[in-house]
Structures are given as C-alpha cells and as structure tokens.
Amino acid sequence: MNIGDELPPLEVRITREQLVRYAGASLDFNPIHWNDHFATKVGLPDVIAHGMLTMALSGRIVTDWLGDPARLVDFSTRFTRPVVVPDNAEGALVEVTGKVGALTDEGLARIDLTVKFEGKTVLGKPQALVRP
C-alpha cells in the first residue's frame, strides 16, 4: 500500500426493504426510518436511512478491497446529512470512493473515504484503519 492508492469505487442502493430489515436487526424502530407521514411531520423530506446502516454499507469499500475483513482495525465517521430513501424499487444510490491517506508508525494504513448521496457528502471524515 502506498499513500494515494485509490480503492475501486463502490455504489450501493439503500431500499425501504433494507431499512425494515436493518430496523429488525438493530432494534432501531424510530419511525423516521419507515413512516413517511412521521418523517415529514418532524421536518425531514421523507423517510431516511439509519446512519449506522449507511456507515456499514460504505465500509464495504474497505473490506472488499482488503479481501479479509479481519484486517479492518477501526472505522469511524460523523453523520452529517441524511440519505433520503424513496418508496420505490431503486431506493437511494450512495456512492463511495476511498484512498490511502496515510501510513502510521504502528504499521497501519489510514483509508480516507468520501460518501455521497445525490452529489452531496453524507458522512463526515469517514476513515478506516487497516492492516496492510
């Protein structure tokens, strides 16, 4: 691995079906993730994806690239903008890119990601630490 190496880009779609499945797995049944009326009532444009689901799906760019998810040491981000999930079969398209941003003295590599929905960044400073 070298600083500046780019990971193959990843596109993921988040659908309403995935939101229901994730809610069941995570026990996060907040109605902003499944109820159009409630979501708009609280000021959202529509139902939004769980932030942790968006983060997890985005992390696939790193684990796919590594080939071994056990090489992922740490993954962190801030949630900066929601992913609005329409009620259709296509869902919301999230685009993820990444590159090696640094090599640490501890022998790890820092992978810097960019995660976008509708051309706007949705995760703030997403970074993974990996074993090369």
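A few points on the structure. (Residues numbered from 1 in each chain as written. Predicted model: local features only at pLDDT ≥ 70, side-chain atom pairs only at ≥ 80, totals over all residues. Heavy atoms only, no water.)

**Thoughts on the overall build of the protein**
Within the protein, the regular secondary structure consists of three helices and six strands. Listed by position from the N terminus, the elements making up the protein come as β-α-α-α-β-β-β-β-β. Projected onto the principal axes, the alpha-carbon positions of the protein cover approximately 50 × 30 × 25 Å. Out of the 132 residues in the protein, the part that is buried amounts to 39%. Partitioning the contacts of the protein with sequence separation of at least 6, the portion at a separation of at least 24 is 67%. Accessible surface, the protein as shown: approximately 7400 Å² in total, 52% of it carbon and sulfur. Each charge class in the protein can be summarised by its mean position, and for the 14 positive and 17 negative side chains these summaries are 4 Å apart. (Helix = DSSP H or I, 4+ residues; strand = E, 2+ residues; numbered from the N terminus. Buried < 20%, exposed > 50% of the residue type's maximum accessible area, 1.4 Å probe, protein only. Contact = heavy atoms within 4.5 Å. Areas by Shrake-Rupley, 256 points an atom, 1.4 Å probe, with all protein chains shown as cover. Lys, Arg positive; Asp, Glu negative; His and termini not counted. Charge placed at Lys NZ, Arg CZ, Asp CG, Glu CD.)

**A word on a nonpolar patch on the surface**
The grouping of M1, I3 and L103 at the surface amounts to a nonpolar patch, some 270 Å² of accessible area in total. Counting through the fold element by element, M1 comes out in the segment before β1 (10–14). (Patch = residues over 30% accessible without salt bridge, like charges linked within 9 Å, V, L, I, M, F, W, Y side chains within 5 Å. Salt bridge = Lys/Arg side-chain N within 4 Å of Asp/Glu carboxyl O.)

**Observations concerning the side chain of H50**
Tracing the chain through its elements places H50 in the loop between α2 (36–41) and α3 (51–66). Among the polar contacts listed, one links the side chain of H50 to the backbone oxygen of D28, at a separation of 3.3 Å. The contacts of H50, once residues within four sequence positions are left out, are L19, Y22, A23, D28 and H33. (Polar contact = N/O pair within 3.5 Å; in protein donor to acceptor, adjacent residues only side chain to side chain.)

**Some points on the nonpolar core**
Counting residues in hydrophobic clusters, the biggest one holds 32 residues, and the most contacted among them are I14, V62, V83 and I111. For this core, the secondary-structure elements that each account for two or more residues are β1, α3, β3 (92–103), β4 (109–117) and β6 (123–130). The residues touching I111, leaving out its near neighbours within four places in the chain, are L7, V62, W65, K99, V100, P126, Q127, A128 and V130. (Core = buried A, V, L, I, M, F, W, Y, C linked by side-chain atoms within 4.5 Å.)

**Details of the side chain of D46**
You can see D46 is positioned in the loop between α2 and α3. Taking relative accessible area as the criterion, D46 reaches 19% and is therefore assigned buried. A distance of 3.1 Å separates polar atoms of two side chains, one belonging to D46 and the other to R16. Leave out the neighbours within four places in its chain, and D46 touches R16, D36, A39, T40 and V84.

**Structural notes on the environment of Q127**
Take Q127: it is sitting in strand β6. For Q127 and I48, which are 79 residues apart along the polypeptide, the C-alpha to C-alpha distance reads 23 Å. If sequence neighbours within four positions are ignored, Q127 has contacts with D74, F75, S76, R110, I111 and D112.

**Observations concerning α3**
Helix length check: α3, at 16 residues, gives a terminal C-alpha distance of 23 Å against a target of 22 Å (1.5 Å per residue), a fit within 8%. At R60, α3 is deflected by roughly 25 degrees, the largest bend along its length. Those residues of α3 that are buried lie in contact with β1, α1 (16–26), β2 (72–79), β3, β4 and β6. (Expected span 1.5 Å × (residues − 1). Bend = angle between axes of the 7 residues up to and from the residue.)

**Regarding the environment of P31**
With respect to the secondary-structure elements, P31 resides in the loop between α1 and α2. Residue P31 is classed as partly exposed on the basis of its relative accessible area, which comes to 22%. Taking the C-alpha atoms as reference, P31 lies 41 Å from P132; in sequence the two are 101 residues apart.

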